[in-house]
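Below, each chain spelled out in residue letters.
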Amino acid sequence: MEISWHTKTFSLLLLFIFSTLAPSKACHPVDKEALLDFKHKITDDPSKLLLSWTVSSDCCTSWEGVACDASGRVVNVSRPGLVSDNNDFIEDTYMSGTLSPSLGNLSSLQLLDLSNLKDLKGPIPQELGKLSKLTHLFLDTNKLTGSIPITLRYFSQLKKIYLSDNFLSGIVPPSVMKSWTSVSELGLSGNALSGPIPPTIGKLVMVTKLDLHENNFTGSIPTSIGNLKNLKYLDLSENQIAGSIPQSIGGLAALELLYVNQNHITGRIPSSISGLSSMIFCRLSENKLSGSLPPSIGLLSKIQRLILENNKLTGKLPATVGRLTTLTDIFFSNNYFTGKIPSSFVNLLNLQTLDLSRNRLSGQLPPQLAKLKSLQALDLSYNPLGLVRIPDWFQELRVFQLMLAKTGIEGELPHWLSSSSISQLDLSSNALTGKLPRWIGNMTRLSFLNLSNNGFHSSIPVEFKNLSLLMDLDIHSNKFSGRLNVIFSKEAQDPLGHFNSIDLSSNMFTGPVDDDIGERPAMASIHSLILSDNTFRGPLPKSVGKLGELQVLKLVNTGLSGTIPVELGDAKELSTILLSKNKLTGAIPEIVLNLKELKQFDVSSNKLRGRIPPHKAIIPASAFKNNPGLCGPPLPPCKRI
């Protein structure tokens, strides 16, 4: 989006320059006819971008978005759908129709900007290849189809071309890429282009920005990519690229931003990566990279964000990472890194995010990490660290996000948490025990709390109500007991503090569930409510139907009795309703079974009776089984009396 906006700023500037050069001759008749034919093929123009384009007026002096040279030849056509006026007010419009082949007759045209019109359809005309003087072509954010015409190889003076966010398909013709030796910016992202990236891409020796992301490119990254010595921005993400990263990538000394994420790239990260001396942002995540991280990575002296998560990287974290003092974010999660966290990480004084989760790291954590005063998020979850207890030096950190799931923590929660500024806390899947302390109410900045899969055994203290910013609560699989009223009646600090999700399943809570659960302020915008495997008894409250944003409701094996309330059908966003293994009676309300978003429904093992209402959702017979009184599809038909 940033690149696209810069190009639009340039085109508007160019349009202003051309418009101030009053042509000495009237608009050339060939150019006028070509533009009128373009207008003729536009079927809808709601903002009247082409209103001034009339047969009776001069296209050089009277037509908006058109500029001419001194001889009356059109050199600029700029009618984008996203424009800014002198007051920086952005007008967003669209234009429907197709691109006229007659545009190819504008033999002096240098700039064509029909971007962001959203609804231009059909192919890019082959005839555009006749525009030998074209330097800027912006057709992005439309609905253009077909392939990239091979005739575009005649754009010998082209500097910037954006065809992004269309429905273009097929290969990129190698001869086209080979001829664009003057191009500085190339945007083909957000299409359905396929085949390998042409090796001739190495001919784009002037290119500074190359965006091919979100296509279906296959094959490997061409070795010739190393020829692009002026390249600053390279985005090959969200494709089907395989093979390894070529050693030649180390030749891109000017490269500042590299995105190769979400591909199928294998092999090692080449040691030549050290040659990317200007690199600021590097994202190689969501691939199949393997092997150890090369120590030469410590030579990326300007790097700020390093994202390598979701690969198959192994070995120890190189101590040389500690030399990258400009780093603000490290994302190394979901790999196979082993050994200790290097003590050299203490040098990363600008580090704000350190995510080493889901690896095989072990050993003592370096206490020196307490010096990382800029650190805001620390995630060491799912590593065999064997912490036993959260180190006391953690309280010297000023983190807002602390994630230590399944790191071997035992015992009770450390009291220093009560005076911390933590907003997101995940201590799940450990061996924590004892009561949930009353001082939990002092952690008033909490927005996310996950204590699931531990051994807590107490009721929820009344001080819990003070967590007025809490939006996501997961304490499933503990031994919590007592009533739920304290949780549901939690304070909310508008506009924050309304629950998004609650998971209290697999505990020892007792009921009944509060009748007014759907009227509590903290519950007003909840999306997911999971209360399964507790002992509530009593009915499912009618007020649950007032939870207008509720999508997931799970109350399996809770001892619920009474009928399924008709009012549940008022919760229009419900997609999952699981009420199996209870003591529910009566019939299934038709309005509930016909909720528009319903995808998953299970009321098996209850005491329900009557005909199953006709429904559109595909629900298996197993979702209704063990209700002796239910009948009708997908169960056997009801018996006639």
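Please refer to the structure placed before this passage.
A brief report on the enclosed structure follows.

The rules we used
Residues numbered from 1 in each chain as written. Predicted model: local features only at pLDDT ≥ 70, side-chain atom pairs only at ≥ 80, totals over all residues. Heavy atoms only, no water. Phe/Tyr/Trp six-rings, centres within 6.5 Å; stacked < 30°, edge-to-face > 60°. Helix = DSSP H or I, 4+ residues; strand = E, 2+ residues; numbered from the N terminus. Buried < 20%, exposed > 50% of the residue type's maximum accessible area, 1.4 Å probe, protein only. Pairing = 2+ DSSP bridges. Contact = heavy atoms within 4.5 Å. Polar contact = N/O pair within 3.5 Å; in protein donor to acceptor, adjacent residues only side chain to side chain. Axes fitted to C-alpha atoms, helices over the stretch in contact; angles between N-to-C directions.

The next point concerns the packing of aromatic side chains. For the structure shown, the criterion picks out 10 aromatic pairs. Relative to Y162, the ring of F138 has its centre 6.0 Å away and its plane inclined at 45 degrees; by these criteria the two rings are tilted. Here F138 is found in strand β9 (residues 136-138), whereas its partner Y162 is found in strand β11 (residues 160-162), with 24 residues between them in sequence. Both residues of the pair, F138 and Y162, count as buried.

Another point: the sheet that holds strand β34 (residues 455-456). The sheet built from 3 strands is open, its strands ordered β30-β32-β34 with parallel pairing. Both edges of this open sheet fall to β30 (410-411) and β34, since each of them pairs with a single strand only. As judged from the 2 bridges shared by β30 and strand β32 (residues 431-434), these two strands associate in the parallel manner. Among the inter-strand pairings, G411 is bridged to a residue of β32, identified as L432.

In this section: the environment of Q401. Residue placement: Q401 occurs in strand β29 (residues 401-403). Spatially, the C-alpha atom of Q401 lies 4.6 Å from that of Q424, the residues being 23 residues apart in sequence. Other than its neighbours up to four places away in sequence, Q401 contacts Q376, A377, L378 and Q424. In terms of polar contacts, Q401 uses its side chain to reach the side chain of Q424, at 3.1 Å.

Moving on, we come to the sheet that holds strand β8 (residues 118-123). The sheet built from 7 strands is open, its strands ordered β1-β6-β8-β10-β12-β14-β16 with mixed pairing. At either margin of the open sheet sits one strand with a lone partner, and together these are β1 (42-44) and β16 (216-218). With strand direction ignored, the average angle separating the axes of adjacent strands in the sheet is 15 degrees. With 3 bridges connecting them, strand β14 (residues 192-196) and β16 associate as parallel partners.

Fair warning: the whole summary comes from geometry, so function is off the table for now.
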